[in-house]
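# An overview of the molecular structure
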Amino acid sequence: MSTATSSSRFLLSVLAVLALGLAGAKAAPPQAMPDTENGRYALSSTPDGVLRLDTRTGAVSTCNNSGAGWACYAVPDERAALDAEIGRLQADNEQLKKELASREPVVTGKIEEPMPKSDSLKKNDPKIAEGERKIEIPLPSDRDMDRMMGFLEKAWRRLVEMANRMQKDVAGKI
């Protein structure tokens, strides 16, 4: 009788544990979606869980219930990469402006002294008066003259040779 009693007690205790476990599982409140922290987060349902938008920072996360509780993972943001590139370009721009400012003085706005009436780029030659302008062309050297004569001689010979060929061609001797 002790074996029957002990086996029935064991069976009753297993059934009680199962009944309490089932009752506890039904009585336990289901896990709620992630807290919105007083309106900081905007939540939107998706087939896999919840899409969470942080209204303060603009960060987007995907949240799902994996059985051990809710877990949220940040969604890669192209805007962050774009903001980083904009920041880098702004820093480069500022650095280039500083380098340019250190190289040459910047003239902005009105100049203190009036502009001269005459052309400041024109250089006055003290030897020649305004009405006596002269243009001097240097004469060619002997070497230049020899080169020119050699060219003219070659050209003349070619012209004579062409004329002779034309006469022979017209006469039918070629």
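Refer to the structure presented above.
As a starting point, this report considers the structure included with it. Worth saying up front: this structure is predicted, and the values here are computed from it rather than measured.

## What about the overall build of the protein chain?
When helices and strands are counted, the protein chain shows three helices and four strands. Counted from the first residue to the last, the protein chain has its helices and strands arranged as α-β-β-β-β-α-α. Of all 174 residues assigned to the protein chain, the portion counted as buried reaches 6%. About 16,500 Å² of surface is accessible on the protein chain, with carbon and sulfur atoms providing 59% of the total.

## Details of the sheet that holds strand β4 (residues 70-74)
A sheet is described by the order of its strands in space; here four strands give the open sequence β1-β2-β3-β4, paired in antiparallel fashion. Looking at which strands have only one partner, the edges of the open sheet turn out to be β1 (41-46) and β4. Across the sheet, the axes of successive neighbouring strands diverge by a mean angle of 25°, strand direction being ignored. By the bridge criterion, five bridges tie strand β3 (residues 60-65) to β4 in an arrangement that is antiparallel. Residue pairing for β4: T62 is matched across the bridge by Y73.

## Quick notes on the pattern of salt bridges
Across all of its chains, the model carries three salt bridges by this definition. Taking the shortest distance from any N to any O, the salt bridge between R40 and D54 comes out at 2.7 Å. You can see R40 sitting in the loop between α1 (2-27) and β1 and its partner D54 sitting in strand β2 (residues 49-54), a full 14 residues away along the chain. With respect to burial, R40 and D54 carry one shared label: buried. When the shortest N-O distance is used, the salt bridge between D92 and R88 registers 3.0 Å. Within this pair, D92 and its partner R88 are both found in helix α2 (residues 78-103), separated by four residues, close to a single helical turn. Look at D92 and you get partly exposed, because its relative accessible area is 30%.

How each quantity is defined
- Residues numbered from 1 in each chain as written.
- Predicted model: local features only at pLDDT ≥ 70, side-chain atom pairs only at ≥ 80, totals over all residues.
- Heavy atoms only, no water.
- Helix = DSSP H or I, 4+ residues; strand = E, 2+ residues; numbered from the N terminus.
- Buried < 20%, exposed > 50% of the residue type's maximum accessible area, 1.4 Å probe, protein only.
- Areas by Shrake-Rupley, 256 points an atom, 1.4 Å probe, with all protein chains shown as cover.
- Pairing = 2+ DSSP bridges.
- Axes fitted to C-alpha atoms, helices over the stretch in contact; angles between N-to-C directions.
- Salt bridge = Lys/Arg side-chain N within 4 Å of Asp/Glu carboxyl O.

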